[in-house]
Amino acid sequence: MTSSFTIECSVNFSERRRDSRRRPDQGNAARVPRVSRLMAPAIRFGDLMRSGEVTSYAELARLGRVTRARMTQVMSLLCFTPDIQEEILFLPRTVKGRDRVQLRHLLPIAALSDWRQQRVLWQAINLKR
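Residues numbered from 1 in each chain as written. Predicted model: local features only at pLDDT ≥ 70, side-chain atom pairs only at ≥ 80, totals over all residues. Heavy atoms only, no water.

1. Quick look at helix α5 (residues 103–110)
So, point 1. For α5, every residue scored as buried is listed here: Leu-103, Leu-106, Ile-109 and Ala-110. All buried residues of α5 lie within an arc of 120 degrees about the axis, which places them on one face of the element. Summarising the geometry of α5, the exposed residues directed more than 90 degrees from the buried face are Arg-104 and Pro-108. (Buried < 20%, exposed > 50% of the residue type's maximum accessible area, 1.4 Å probe, protein only. Helix = DSSP H or I, 4+ residues; strand = E, 2+ residues; numbered from the N terminus. Arc of directions from axis to C-beta.)

What follows is the structure, given as C-alpha cells:
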C-alpha cells in the first residue's frame, strides 16, 4: 500500500549578484597581482636551485604540487632583467576586475634573450596600464 503526502514550504528565489560570493571581510580591498605573487616564489626557487638544495624543476613541481609545465612557466619569470623583476614584484595592487599584467603577457617577453628588447616590450605593457 502506498500513501501520498504533501510538503509545503516557502522558497525565496532571489537574483544572486556576482559579488555575493565574497566573504564579508573581503570588502573592496585591493589585492596583489597574481604575477607579483608568482615572482616571489620564482626568486626563492631559483635560490634553492643555485644552492643545490633542489636539483630540478620536476622536484620543485612535486614539492609545490603543480605540473612541471606550470613550474617552468613560473621559473621563466627569472629570465627577465633584474629591474623588470623588481617592477613585477611591486606592481600596483588590483582594486577591481582583472589584473592588468598577466602571466600570458609576460611569457613571450621572458623568452627573449636580449634585455634591451625585454625593456622595450615591458614599457609597452606598462603604457597600456
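Structure's up, so let's keep going.
2. Some points on the packing of helix α1 (residues 34–51) against helix α4 (residues 82–89)
So, point 1. Closest axis-to-axis distance for the α1/α4 pair is 8 Å, and the angle between their directions is 130 degrees. What the angle tells us is that α1 and α4 run oblique. Every residue of α4 that contacts α1 at Val-35, Ser-36, Met-39, Ala-40 and Ile-43 is listed here: Gln-85, Ile-88 and Leu-89.
So, point 2. Among the residues forming the contact of α1 with α4, the class breakdown is six nonpolar, two polar and no charged. (Axes fitted to C-alpha atoms, helices over the stretch in contact; angles between N-to-C directions. Parallel < 35°, antiparallel > 145°, perpendicular 65-115°, else oblique. Contact = heavy atoms within 4.5 Å. Nonpolar A, V, L, I, M, F, W, Y, C, P; charged D, E, K, R; others polar.)

3. As for unusual backbone geometry
Trans peptide bonds make up the majority, and among non-glycine residues the majority have a negative phi.
So, point 1. Even without glycine at this site, Arg-65 takes up a positive phi of about 55 degrees.
So, point 2. Along the chain, the position of Arg-65 falls in the loop between α2 (57–64) and α3 (68–75).

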